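Here are the chains, one letter per residue:
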Amino acid sequence: MSGIFGVVSQKDCGEDLFYGTDYHSHLGTQFAGLAVWSKEQILRKIHDIRGSQFKTKFHEDYQNMHGRRGIGVISARDEQPILIHSKFGSFAIVTNGFIDNAKELVEELYKDGQSFSEVTDGRVNLPELVAKMIIRGKSIVDGIEGMFSRIEGSCSLLILNKEGVIAARDRHGYTPLIVGEKGKDLAVTTETSAFNNLGFKIKKYLAPGEIILIDEDGVKSKSQGGKTSQICAFLWIYTGFPASSYEGITVELVRERCGMFLAKDDTVKKDLVSGIPDSGTTHAIGYAMESKVPFRRALVKYTPGFDRSYTPVSQETRDFIAKMKLIPVQDIVHDKRIVVCDDSIVRGTQLKNYTIQKLMECGAKEIHLRIACPPLMFPCKFNYSTRSIHELAARKAIKDIEGRDITDVKAYLDEDSAKHKKMVEWICKDIGVTTLKYQKLNDMVSAIGLPADKLCLYCWTGREPK
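Read on for a plain summary of the structure. This structure is a prediction, so every number in the text was calculated from the model and none was measured.

1. Some details on helix α5 (residues 140–150)
And step 1. What α5 keeps buried is the set I140, V141, G143, I144, M147 and F148. With its buried residues spanning 160 degrees around the axis, α5 presents them on a single face.
And step 2. Structurally, α5 contributes buried residues whose contacts are with α4 (126–134), β9 (153–161), β10 (164–168), β14 (211–215) and β15 (218–223).

Below, the structure written as structure tokens:
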């Protein structure tokens, strides 16, 4: 997913905007951008950050972007911020989300006489689509609410205009938005970890569908939003930064609890517990805490220059990063029975072809793989992620077991069924580990600490937010 950040300051906002946006670099890998309201106009910069760091690309830019209000984005796919000159005046917009029915909405706008300027390989830029839908409303707030009612998927956004920074959280609450304060300065962020070193304190978690205006005088409510709240559970399992919190629940603590649940009643004999960096590390720490078996770093991540291997669009790029970023410590691995914890198995190719292979080549005696969430069964409809059922390791297993693709996978969702057990055994054999154990859905929900009906669990259950 993308990460968005906005700030309204009593003085120049540039430094807080620059670093606050940079603290989202673990999310998007494609583009980044900043926009500042300066002397009745919007200054904007966008850079391609594939293979380079945000700070390197924007360090000189932000020092020449002076103003008291600004928004920024680390983008998973689209170039943004988008600038719009409309009946509501000029504004810049950044978004975080994915619109599953974008093609249908684009065709509708074409028939309405609209045009799009930001088009790549025939695909319309989604922030521009959102902006064009908003300007159909009677006001910006009315336009946002109208957009929310039409899209299938998710969208949280920030708008910068002459009034201030408008923040709107996705109507289902799939992605978070949190307001922070530092004296009279205010900021809004996807990740609360962006606040810590900048001196901001959490002031408010926006409710699903809530819309606010932030200006130099404070926070003004524009729409209270709805009661439906189904935030993405994967934020705690993998996507989110360890020091962040959503709905008041800290990511690092959830991952520890996930590891503890994995360790309960796990009777395999092991010499050490290790995690696949970065998110798998904390799951492993939790496992070690519960099992009383020492945590050791069998794999070390070489951080500089390598993004998360899950987020790039192409499989070739994902494989290259997976190959290069993890370095095994042979003296720890050799002749050991190792429990290896990871956040999830999406496609399984990186685990099979690189991570597990490295450990085996270092002489691991046994590898017991423990996964912090249930098998991923459905491609995400609410953010950029796996777009095809056929990519998922669990679905590949089911196809091989059944001899064909099947649409009704209910029997495989039942964690106590023979078919579920057979699917897990297939994945275990395919990846090449000694044993494989997935987290049970109820244990994952318990580790997060919210009721199941307050979480989006679509990629595990196939049930969409209501």
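2. With respect to the sheet that holds strand β13 (residues 201–205)
And step 1. Taken in spatial order, the 7 strands make up an open sheet running β3-β2-β4-β1-β12-β11-β13, and their pairing is antiparallel. Both edges of this open sheet fall to β3 (41–48) and β13, since each of them pairs with a single strand only. Here the average twist between neighbouring strands, direction ignored, is 15 degrees.
And step 2. Helix α2 (residues 54–62) contacts β2 (31–38), β3 and β4 (69–75) of the sheet and is inclined by roughly 155 degrees relative to β3.

3. Topic: the packing of aromatic side chains
And step 1. Per the counting criterion, the structure on display carries 12 aromatic pairs.
And step 2. Both rings, one in F54 and one in F58, keep their centres 4.6 Å apart while their planes meet at 20 degrees; by these two values the pair is stacked. Of this pair, F54 and F58 both sit in helix α2, 4 residues apart, roughly one helical turn.
And step 3. Given a relative accessible area of 2%, F54 falls into the buried group.
And step 4. Plain terms: the ring middles of Y110 and F116 are 5.6 Å apart, the flat faces sit at 80 degrees to each other, and that makes the pair edge-to-face.
And step 5. Looking at Y110, the relative accessible area reads 40%, which means it is partly exposed.
And step 6. What makes F116 buried here is its relative accessible area of 13%.
And step 7. An aromatic cluster is built from F18, Y19, F54, F58 and Y62, whose rings are joined through pairwise contacts.
And step 8. Stacked on the ring of F116, the Lys or Arg K132 has its end atom at 4.9 Å from the ring centre.

4. A closer look at the pairing of strand β12 (residues 185–189)
Working note: regular strand, side chains alternate between the two faces of the sheet.
And step 1. Summarising burial for β12: 5 of the 5 residues are buried, a large majority.
And step 2. Taking every second residue as pointing to the same face, both faces of β12 are buried, with D185, A187 and T189 on one and L186 and V188 on the other.
And step 3. Bridge analysis of strand β1 (residues 3–8) against β12 gives 4 bridges, and the strand direction is antiparallel. Note that in β12 the partner of V7 across the bridge is A187.
And step 4. Two strands pair when backbone bridges link them, and strand β11 (residues 178–182) and β12 are joined in this way by 5 bridges, in the antiparallel orientation. Bridging across to β12, G180 finds its partner in A187.

5. Describing the packing of helix α8 (residues 251–263) against helix α9 (residues 279–291)
And step 1. α9 packs onto α8 with a crossing angle of 50 degrees between their chain directions and a minimal axis gap of 6 Å. Considering their axes alone, α8 and α9 lie oblique with respect to each other. Crossing angle aside, the handedness with which α8 passes α9 is right-handed. Seen from α8, the contacting residues are E252, R255, E256, C258, G259, M260, L262 and A263; seen from α9, they are S279, T282, H283, G286, Y287, M289, E290 and S291.

6. Quick word on the nonpolar core
And step 1. One finds W236, I345, L436 and W460 to be the most contacted residues of the largest nonpolar core, which totals 80 residues.
And step 2. With residues near it in sequence (within four places) discarded, L436 still touches I345, L369, R370, I371, V424, I427 and C428.
And step 3. One finds F88, I140, I144 and I211 within the second-largest nonpolar core, a separate group that totals 35 residues.

7. Section: the side chain of R169
And step 1. Along the polypeptide, R169 turns up in the loop between β10 and β11.
And step 2. In this structure R169 comes out as buried when scored by relative accessible area, which is 1%.
And step 3. A polar contact is formed between the side chain of R169 and the backbone oxygen of L206, at a distance of 2.6 Å.

8. A few points about α2
And step 1. All of the buried residues in α2 are F54, F58, D61 and Y62. Axial view of α2: buried residues confined to an arc of 80 degrees, hence all on one face. Exposed and oriented more than 90 degrees from the buried face of α2 are T56 and E60.
And step 2. On the buried face of α2, the contacting elements are α1 (14–22), β2, β3 and β4.

9. A word on the environment of L351
And step 1. Structurally, the position occupied by L351 is in helix α12 (residues 349–361).
And step 2. Counting along the chain gives 161 residues from L351 to T190, while the straight-line C-alpha distance between them is 29 Å.
And step 3. Those residues in contact with L351, other than ones at most four positions away along the chain, are I276, D342, I345, I356, Q357, L369 and I431.

10. Section: the side chain of K358
And step 1. Examined against the element boundaries, K358 turns out to sit in helix α12.
And step 2. It is E361 that comes nearest to the buried, bridge-free K358 among opposite-charge side chains, at 8.3 Å.

11. Thoughts on the pattern of salt bridges
And step 1. Counted under the stated rule, the structure contains 26 salt bridges.
And step 2. Among the salt bridges present, the one from E247 reaches R169, with a minimum N-O distance of 3.2 Å. Of this pair, E247 sits in the loop between β17 (245–246) and β18 (249–250) while R169 sits in the loop between β10 and β11, and the two are 78 residues apart along the sequence.
And step 3. Look at E247 and you get partly exposed, because its relative accessible area is 25%.
And step 4. Overlapping salt bridges bring together E104, E108, D112, R136 and R150 as one network.

12. Here we look at unusual backbone geometry
And step 1. The residue after Q80, namely P81, is reached through a cis peptide bond having omega 10 degrees.
And step 2. As for its placement among the helices and strands, P81 is situated in the loop between β4 and β5 (82–86).
And step 3. Of the consecutive residues P277 and D278, the connecting peptide bond is found in the cis state with omega at -5 degrees.
And step 4. One non-glycine residue, E247, adopts positive backbone phi at about 55 degrees.
And step 5. In this structure, D335 is a non-glycine residue whose phi angle is positive, near 65 degrees.
And step 6. Its place among the elements puts D335 in the loop between α11 (330–333) and β22 (337–342).

Reading the values: rules and limits
Residues numbered from 1 in each chain as written. Predicted model: local features only at pLDDT ≥ 70, side-chain atom pairs only at ≥ 80, totals over all residues. Heavy atoms only, no water. Buried < 20%, exposed > 50% of the residue type's maximum accessible area, 1.4 Å probe, protein only. Helix = DSSP H or I, 4+ residues; strand = E, 2+ residues; numbered from the N terminus. Arc of directions from axis to C-beta. Contact = heavy atoms within 4.5 Å. Pairing = 2+ DSSP bridges. Axes fitted to C-alpha atoms, helices over the stretch in contact; angles between N-to-C directions. Phe/Tyr/Trp six-rings, centres within 6.5 Å; stacked < 30°, edge-to-face > 60°. Lys NZ or Arg CZ within 6 Å of the ring centre and 35° of its normal. Parallel < 35°, antiparallel > 145°, perpendicular 65-115°, else oblique. Left-handed = near helix turned anticlockwise from the far one by under 90°. Core = buried A, V, L, I, M, F, W, Y, C linked by side-chain atoms within 4.5 Å. Polar contact = N/O pair within 3.5 Å; in protein donor to acceptor, adjacent residues only side chain to side chain. Lys, Arg positive; Asp, Glu negative; His and termini not counted. Salt bridge = Lys/Arg side-chain N within 4 Å of Asp/Glu carboxyl O.

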